[in-house]
Amino acid sequence: MSEKNTKKQDQKQLMFESRKASKKENDLLLSRMKSTHDAAKLRNTLYDEPVEKFHSPVEFSWRAFWQTFVYENLPPVIFSPIAALFFEKSINRAWHVCQNRNLLALSKEHNPISSIIISWLVVYPGSWLMTAAFLIAVFMDYSMFQNVDRFLVILAYLCLFMRRLIICAKYGFFRAEEIEKLSHPAPRWSADKTQRKFIGRGWSNPEEYPGLLEDEMTSAMDENDICLHGIPLIIDDKNENLISTQNTSEIFTAKTITTKKNEISSAFLLFNIIRSVYRKHFIKPYRLILYPSMFALILTPFIVKYFYGVYLFGDNQIEKFLTSMTIFGFLICFQLLFFGLICSIDFERRIETTKKIGDLVKFPGIKLSSLFDNISLLDDKKIFIDLHKRKNVFAWMNMRNVLRSFGESYLYRIESYTSILVFYSLFCVAILNLIVWTEMRHHISTIFLIGVIIITISGISIYSIFKAIKLQSLSEKHRDFIRNEIFIIEEEICEIEQTSENKDKLSELKNARALLNQVDQNINYKELIYKPTTILGYAANSSVIGSVLGLVLTGCLFAVQGFVSTEIVYDISGWFNF
C-alpha cells in the first residue's frame, strides 16, 4: 500500500473516531504552545497534526436530512430497511443502520431489550396503523365512517409528520463522523450515544450523562480553533487560592502549565459558568404548562362530542379504529409540546450563561457561590475580570467565541424545531380556512381542536422566539458595554499622558484599548451579522414575533370572516353538511 493511501486511511480513521476531551490530550497540546496567541490558532500551531483530528463547525447536511425523511416516512420493519439497503449499498452497513436508527430493532448489542420490546409493541404497530388511518380518512368514502371527522385524523397524522421532520432535522445536524458511525457495529454507536443526542434526554439533563459537557466544550474550542486551556485570566490574589482548590472536572483545571501567579485557565472558568447553569433542572416549572396542554389536545374532541350527544368512539369498527388512531396521534403531539418547551429552556440556559460572562467583566463581578457547589451562598466573595488588562480582554473574547459555539449542533436543532412548530401552527390555520371557505363537511369538535392547537403550539413557539430574541439582544448590550469601556479608557490614557506618570500602565491601557476595538468589531460582525441566533432563517428580533403573530392572527381572522360570510350552521349533532 502506498504512503499516500495509508495517510488517507489514517485520516479517515481519525475522523471516524473523533477526538474526546481528556487531560492527557490537553497537556500534550499545551506543551507544544510557545505563547498565549498560539492557543488561539490551534491548527496553525499543531500544523503536523491531521486536520480531521479536530472538530469542524457544524454544517447542515441535506443528504442526511432526506435520507432520514425517507427512513421515517416509510413504514418500518419492511420498507425502511429496504431503503437502508438501497442507500448503504451493503447488507452489513444497512443492518447496523437499521439497528442504530431503530428501523428494525433486533440486536441487544445496539439497543437495550426494553427499547426493542417498546419498538415492536408500540412504535412499529403505531406507525403502520397511523399510516393506514390517514389513508382511510383521505381516500375512503365518508359513508364508511359518518361519525368521525376526517380532519381530526389528518390533524393527528400531521403531529406524527411534524415529529418525523424534527427527527430529520436532528440527523441533518449530525457531524459527518456521527453519521458514519451509524453504519458500523456497536459500540461505535450505542444506546447511550443515542440518548446523549436526544434533546429531551441528554441535552435537557447533561449532568446525568458524564462527559457530555466536557465533550461539547472541547468541540466548541475546536470549531473556533481555540485552546482555552492555554489562555490565562488575571484575577485577584484573595480569590486565586480559593478558586484553584475547586476540582469540578479532571479535564478543566484552574491551573495549567501556562498559568502564572494570580492567573487561572479561562477554560476552567468558562466550563464552571456553563456547568453552573446546565446542572439546574429547568423542566419542573414548565409541567404546569405541559400536562394541561396535552390533556386539552386529547380531551377537547371528546368533550365537544359528549356535549352534542354523538358517539365518542364511533358506531362501527372503522370509526373506532380511526378514533383510536386520533388519540395516538395527539399523544405524539405531546412530544411536540415537549420539544417546544425544551427549545425555550435551552434558550433560557444560553441567556443565563451569556449574562454571566457579561457580568464577569462588570464590577464587582459574579459571586463564586453561583459557580461552585462547596462555596457557601452566604459567602459574598466575587470574581471580577478587569478589561483594562490586555490579557483579560484576549481571554474574555475567546471565551465568548467558545460559549457561542457551545452545543452548537443542539442550538441549530433548537432553532429548527421552533421553526417546525411555527409551521405546524400555520398548517392548522390553513386547514381551518380550507374547511370554512370551501364549506367541507366537518364536525364542530374539529374547529375547537384547531383552536386549542393554535393556542398551545403557537403560544409555546412564540415564547421560544421571545427567549431567542432576548439571547440575541445580549450581544447588543455587551457591545454597548465594550464601547463604553473604550470611551473610559481613552480618557484614562489622556490623563496619564498629561501627567507623564506610570508608563507601564499607559502601555497596558493602550494595548487593552486596541483589543477592545477588535472585540467591538468581532461582536458586531460575528454575533449580529454573520452568525446571529436565528428563527425561520432570520435573525431573532421583534419583527420575527410580529411576523409569526401577524400570520397566525390574520389567518384566524380570515377564518372568522369565512364563518360569517358562508353562514355555516351546525345541526343538533354538531355536524356541518354541505
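The structure presented is a predicted model; accordingly, all values stated were derived computationally and were not measured.

Brief notes about the layout of surface pockets
Alright, step 1. The computed volume of the largest pocket comes to approximately 1,600 Å³.
Alright, step 2. What lines the largest pocket is a set of 48 residues, and nearest its centre among them are Val-123, Arg-163, Phe-198, Arg-201 and Gln-335.
Alright, step 3. Elements with a minimum of two residues in the lining of the largest pocket: helix H4 (62-73), helix H6 (91-100), helix H7 (113-139), helix H8 (150-172), helix H10 (191-197), helix H14 (287-308), helix H15 (317-359) and helix H17 (408-438).
Alright, step 4. If you tally residues by element for the lining of the largest pocket, the top one is H7, at nine residues.
Alright, step 5. As a volume, the second largest pocket reaches approximately 860 Å³.
Alright, step 6. Around the second largest pocket, the lining is made up of 34 residues, and of these Phe-173, Leu-411, Tyr-412, Glu-415 and Thr-534 lie nearest the centre.
Alright, step 7. Those elements giving two or more residues to the lining of the second largest pocket turn out to be H4, H8, H15, helix H16 (390-405), H17 and helix H19 (503-530).

Quick look at unusual backbone geometry
Alright, step 1. Looking along the chain, the bond that leaves Ala-186 and enters Pro-187 is cis, with omega of 5 degrees.
Alright, step 2. You can see Pro-187 is positioned in the loop between helix H9 (176-181) and H10.
Alright, step 3. Here the bond from Phe-363 into Pro-364 is cis, since omega is 10 degrees, no more than 30 degrees from zero.
Alright, step 4. Tracing the sequence through the fold places Pro-364 in the loop between H15 and strand S3 (366-367).
Alright, step 5. In this model, Lys-89 sits at a positive phi of 60 degrees, which is unusual for a non-glycine residue.

Section: the packing of aromatic side chains
Alright, step 1. If you walk through the whole model with that rule in mind, you get 29 aromatic pairs.
Alright, step 2. Measuring from centroid to centroid gives 5.9 Å for Phe-268 and Phe-372, while their planes differ by 20 degrees, and the two rings are stacked. Taken together, the positions of Phe-268 in helix H13 (residues 266-278) and Phe-372 in the loop between S3 and strand S4 (382-383) put the pair 104 residues apart, joining distant regions of the chain. Judged on exposure class, the residue Phe-268 and its partner Phe-372 are both buried.
Alright, step 3. Between Phe-363 and Phe-384, the aromatic rings sit 5.4 Å apart at their centres with planes inclined by 85 degrees, giving edge-to-face as the arrangement. Of this pair, Phe-363 sits in the loop between H15 and S3 while Phe-384 sits in the loop between S4 and H16, and the two are 21 residues apart along the sequence.
Alright, step 4. Site record: aromatic cluster; members linked through ring pairs are Phe-60, Trp-62, Phe-65, Trp-66, Phe-69, Phe-161, Phe-173 and Tyr-412.
Alright, step 5. Here Lys-197 stacks its cationic end above the ring of Tyr-410, 5.2 Å away from the centre of that ring.
Alright, step 6. Its guanidinium or amino end placed over the ring of Trp-575, Arg-441 lies 4.0 Å from that ring's centre, counting from NZ or CZ.

A short note on the environment of Thr-354
Alright, step 1. Looking at the secondary structure, you find Thr-354 in helix H15.
Alright, step 2. Here Thr-354 falls in the buried class, since its relative accessible area comes to 8%.
Alright, step 3. Taking the C-alpha atoms as reference, Thr-354 lies 9.2 Å from Ile-274; in sequence the two are 80 residues apart.
Alright, step 4. If near-sequence neighbours (up to four positions away) are discounted, Thr-354 is found in contact with Leu-403, Leu-471, Leu-474 and His-478.
Alright, step 5. Among the polar contacts made by the side chain of Thr-354, one reaches the main-chain carbonyl oxygen of Arg-350 at a distance of 2.7 Å.

Quick word on the environment of Gln-521
Alright, step 1. As for its position among the elements, Gln-521 is in helix H19.
Alright, step 2. For Gln-521, a relative accessible area of 47% puts it in the partly exposed group.
Alright, step 3. Gln-521 sits 42 residues away from Arg-479 along the chain, and the two C-alpha atoms are 8.8 Å apart.

Structural notes on the nonpolar core
Alright, step 1. Among the nonpolar cores identified, the biggest contains 148 residues, and Met-217, Leu-228, Leu-269, Ile-383 and Tyr-424 are the most heavily contacted of them.
Alright, step 2. With 20 residues, helix H18 (residues 444-499) is the largest single contributor of residues to this core.
Alright, step 3. Every residue in contact with Tyr-424, bar those within four places of it in the chain, is listed here: Leu-155, Leu-158, Cys-159, Met-162, Cys-333, Leu-336, Ile-453 and Ile-457.
Alright, step 4. Counting eight residues, the second largest nonpolar core, distinct from the first, contains Ala-83, Val-97, Cys-98 and Leu-104.

Here's the deal with the confidence of the model for the chain
Alright, step 1. Residues at a pLDDT of 70 or more form 95% of the chain, whose mean pLDDT is 88.
Alright, step 2. Averaged pLDDT values over the elements of the chain bottom out at 47 in helix H1 (residues 3-17) and peak at 96 in H4.
Alright, step 3. Per-residue pLDDT stays below 50 along residues 1-15; that stretch engages in ten contacts with residues further than four places along the chain or on separate chains.

Details of the packing of H7 against H8
Alright, step 1. Taken N-terminus to C-terminus, the directions of H7 and H8 make an angle of 140 degrees; their axes are 9 Å apart at the nearest point. Taken together, H7 and H8 sit at an angle that is classed as oblique. H7 and H8 meet at a crossing whose hand is left-handed. Contacts from Ser-127, Met-130, Thr-131, Ala-133, Phe-134, Ala-137 and Val-138 in H7 reach Arg-150, Val-153, Ile-154, Ala-156, Tyr-157, Leu-160 and Arg-164 in H8.
Alright, step 2. Here the contact of H7 with H8 is built from residues that sort into ten nonpolar, two polar and two charged.

What counts, and where the lines are drawn
Residues numbered from 1 in each chain as written. Predicted model: local features only at pLDDT ≥ 70, side-chain atom pairs only at ≥ 80, totals over all residues. Heavy atoms only, no water. 1 Å grid on protein atoms, 1.4 Å probe; cavity = no way out; pocket = protein on both sides within 12 Å on 5 of 7 lines; lining within 4 Å. Points joined across faces, edges and corners; volume = space filled by probe spheres on them. Helix = DSSP H or I, 4+ residues; strand = E, 2+ residues; numbered from the N terminus. Phe/Tyr/Trp six-rings, centres within 6.5 Å; stacked < 30°, edge-to-face > 60°. Buried < 20%, exposed > 50% of the residue type's maximum accessible area, 1.4 Å probe, protein only. Lys NZ or Arg CZ within 6 Å of the ring centre and 35° of its normal. Contact = heavy atoms within 4.5 Å. Polar contact = N/O pair within 3.5 Å; in protein donor to acceptor, adjacent residues only side chain to side chain. Core = buried A, V, L, I, M, F, W, Y, C linked by side-chain atoms within 4.5 Å. pLDDT = per-residue confidence, 0-100. Axes fitted to C-alpha atoms, helices over the stretch in contact; angles between N-to-C directions. Parallel < 35°, antiparallel > 145°, perpendicular 65-115°, else oblique. Left-handed = near helix turned anticlockwise from the far one by under 90°. Nonpolar A, V, L, I, M, F, W, Y, C, P; charged D, E, K, R; others polar.

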